[in-house]
Amino acid sequence: MMTKRWLLLIFMNVVLSSTSLFLFAEDAPVVAFDMNHREIFTPFAERRLNYATFYQMFETDGFTTKLAAEELTSEYLKNIDTLVIYGAMRPLMSREILAITKFVKRGGKLLILLHISSPLAELTKKFNILVSNYIVLDPVGKIGKANDFYVANLAKHPLNTGVESLAVYGSWGVKAIKEAKTIALTSAKAWMEQNGNQLKDNFEISEMIGIVAINEAKGGRVIVIADDAPFLDEFINQRSEEHTSELQSHSFISYAVFCLKKKNNKYFKSKHYRFIY
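Residues numbered from 1 in each chain as written. Predicted model: local features only at pLDDT ≥ 70, side-chain atom pairs only at ≥ 80, totals over all residues. Heavy atoms only, no water.

Participant: I keep staring at the overall build of the protein and nothing clicks. Help me out?
Facilitator: The helix and strand tally for the protein stands at six helices and 14 strands. When burial is assessed residue by residue, the protein has 57% of its 277 residues classed as buried. Sequence-distant contacts in the protein: of pairs separated by 6 or more residues, those separated by 24 or more amount to 73%. Total accessible area on the protein stands at roughly 12400 Å², and carbon and sulfur atoms take up 53% of it. (Helix = DSSP H or I, 4+ residues; strand = E, 2+ residues; numbered from the N terminus. Buried < 20%, exposed > 50% of the residue type's maximum accessible area, 1.4 Å probe, protein only. Contact = heavy atoms within 4.5 Å. Areas by Shrake-Rupley, 256 points an atom, 1.4 Å probe, with all protein chains shown as cover.)

Participant: How should the pairing of strand β4 (residues 109-113) be read in this particular structure?
Facilitator: On any regular strand, side chains alternate: one points to one face of the sheet, the next to the other face. By the criterion of burial, β4 is predominantly enclosed, with five of the five residues buried. Where strand β3 (residues 82-86) meets β4, five bridges bridge the pair, whose relative direction is parallel. Among the inter-strand pairings, Ile85 is bridged to a residue of β4, identified as Ile112. With respect to chirality, the unit in which β3 leads through helix α4 (residues 94-105) into the neighbouring parallel β4 is right-handed. Bridge count for β4 against strand β14 (residues 221-225) is five bridges, and the pairing is parallel. (Pairing = 2+ DSSP bridges. Right-handed = clockwise from strand over helix to strand, strands pointing away.)

Participant: Would you explain the packing of aromatic side chains in this entry?
Facilitator: Any pair of aromatic rings gets described here by the distance separating the centres and the angle formed by the planes. Under the counting rule described, the total for this entry stands at two aromatic pairs. Taking the centre distance of 6.0 Å and the plane angle of 70° together, the rings of Phe33 and Phe54 count as edge-to-face. Taken together, the residues span a long stretch of sequence, with Phe33 in strand β1 (residues 30-34) and Phe54 in helix α2 (residues 52-60) at a distance of 21 residues. We classify Phe33 as buried; its relative accessible area is 1%. (Phe/Tyr/Trp six-rings, centres within 6.5 Å; stacked < 30°, edge-to-face > 60°.)

Participant: Mind showing me how you'd approach the nonpolar core here?
Facilitator: When a protein is soluble and globular, its nonpolar side chains tend to lie buried together. Ranked by size, the top nonpolar core spans 68 residues in total, and within it Ile85, Ile100, Leu110 and Leu123 carry the most contacts. It is α4 that provides the largest number of residues to this core, a total of five residues. If near-sequence neighbours (up to four positions away) are discounted, Leu110 is found in contact with Leu83, Ile85, Ile100, Val104, Leu123, Phe127, Arg221, Val222 and Ile223. Among the nonpolar cores identified, the runner-up in size contains five residues, and Ile143, Tyr150, Tyr169 and Ala229 belong to it. (Core = buried A, V, L, I, M, F, W, Y, C linked by side-chain atoms within 4.5 Å.)

Participant: Would you mind showing me how to read the side chain of Asn128 here?
Facilitator: Among the secondary structure elements, Asn128 is positioned in the loop between α5 (121-125) and β5 (129-131). With relative accessibility at 10%, the residue Asn128 sits in the buried group. Once residues within four sequence positions are removed from consideration, Asn128 is found in contact with Lys175, Ala176, Ile177, Lys178, Glu179, Ala180, Asn215 and Lys218.

Participant: I would appreciate a short explanation of unusual backbone geometry in the present structure.
Facilitator: Phi is positive for Asn128, close to 60°, though the residue is something other than glycine. Notably, Gln198 is not glycine yet its phi reads approximately 60°, a positive angle. For Gln198, the position within the fold is in the loop between β12 (191-192) and β13 (210-215).

Participant: Got a minute to help me understand the pairing of β3 in this structure?
Facilitator: Counting buried positions along β3 gives five out of five residues, so the element sits mostly inside the fold. Alternating residues of β3 divide into Thr82, Val84 and Tyr86 and Leu83 and Ile85, and every residue in both groups is buried. Examined bridge by bridge, β1 and β3 share three bridges and lie parallel to one another. Paired with Ala32 across the bridge in β3 is Leu83.

Participant: Whenever I open this one, α2 confuses me. Can you help?
Facilitator: Note: α-helices contain 3.6 residues per turn, so residues at a spacing of three or four share the same orientation. When we look at burial in α2, the residues that qualify are Ala52, Thr53, Phe54, Tyr55, Met57 and Phe58. Just past α2, the residue Gly62 takes up positive phi, approximately 95°.

Participant: I'm lost on the pattern of salt bridges in this one. Help?
Facilitator: Opposite charge on two side chains permits them to pair, given that their charged atoms come into close proximity. Taken as a whole and judged by the stated rule, the model has four salt bridges. The salt bridge partner of Glu71 is Arg95, with a shortest N-O separation of 2.6 Å. Of this pair, Glu71 sits in the loop between β2 (64-68) and α3 (74-77) while Arg95 sits in helix α4, placing them 24 residues apart in sequence. Taking the shortest distance from any N to any O, the salt bridge between Arg221 and Glu216 comes out at 3.3 Å. (Salt bridge = Lys/Arg side-chain N within 4 Å of Asp/Glu carboxyl O.)

Participant: Whenever I open this one, the confidence of the model for the protein confuses me. Can you help?
Facilitator: Interpreting fine coordinate detail is not advised for predicted regions of low pLDDT. With 73% of its residues at a pLDDT of at least 70, the protein reaches an overall mean of 76. This model gives residues 18-25 a pLDDT under 50, and the stretch forms twelve contacts once residues within four places in sequence are excluded. Predicted confidence for residues 239-273 stays below pLDDT 50, and this span has 92 contacts to residues more than four positions away or in other chains. (pLDDT = per-residue confidence, 0-100.)

Participant: Would you mind showing me how to read α4 here?
Facilitator: Between its first and last C-alpha, α4 extends 17 Å over twelve residues, near the 16 Å set by a 1.5 Å rise per residue. Within α4 the residues assigned to the buried category are Glu96, Ile97, Ala99, Ile100, Thr101, Phe103 and Val104. Turning to α4, the residues buried within the fold contact α3, β3, β4, α5 and β14. Directly after α4, the chain includes Gly107, whose backbone phi takes a positive value near 110°. (Expected span 1.5 Å × (residues − 1).)

See the structure below:
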C-alpha cells in the first residue's frame, strides 16, 4: 500500500526535477516558500491549518528550504530552484510577476496552491492557466459537505503516479489553455457554485472542471493546484482506511471562502466569466 508520505515524496521529486537528485549533496535544490503576500497559514508551527509538515518534509529529505518574506525579485529568485506560493491573500506586484516569469523561463519550478483564486489570477494567466471565480461542487465522490469531494479523473502524467484520487475541501477550478495541460478533473456532473446555495441550479453548467493544471513548455515547470487543503497539517497527517493515497479528512469543515464580487467588478460572476481572463 502507498502511504501519503510516499505520495508526497513522489510529488516533491516530480515538482523539483524530472531526473534523480542527490538530496544530500552540497548543491541540494533550494525551495522557497513565499511569505510576503498575506498568507494566512504558515510553515512555522504544526497546527490544523498550517503547512509545517509539508515544509518539514522538504527539510527532512535534504532540500534546502527558505522563507521568502520579501519582494520576489529576479535577484532573489536567481538562487532558488523551486518557488512555492501557497494561500496568498494579496496579489503579486506586476514586477514580481515579471520576475517569476523570467525565473520559470530559465528553468525554475513554480508550485501554486490556491486558497483564494483572484490574488493569483494574473500570475497563473502568464502560464496559460486560468483560475475560476467560483468554488466547485461535485456530487460524485462527495466526502461530506457539498463542496468536499474526491477528484479521481486523473490524466496519465508522472505527477499522478500512484494516485487513486485527491480529496479537496472547497476547491476552485483551473482551466489550461494553449500549451498548458489539465491533469486532474472533476466528474462531468460538477458545476461552479454561483449563488452560494450549494444546489445545482438550471443556469449552472454541469461539466468536467480542472483541479490541477501544469505547464512544462516555458523552460521550467508550473503546477497550479486549485485547493491548498491537501497540503495543510490537518490533511497531510490524516490516513484513510479506504484509500491510502488520498489526502482527506471526513470530519473537517471546509474553510474555503466564497467571494461574491460587485456587479461592476471586471470579474463579475456570470456564466461568461466563470474563469478570470
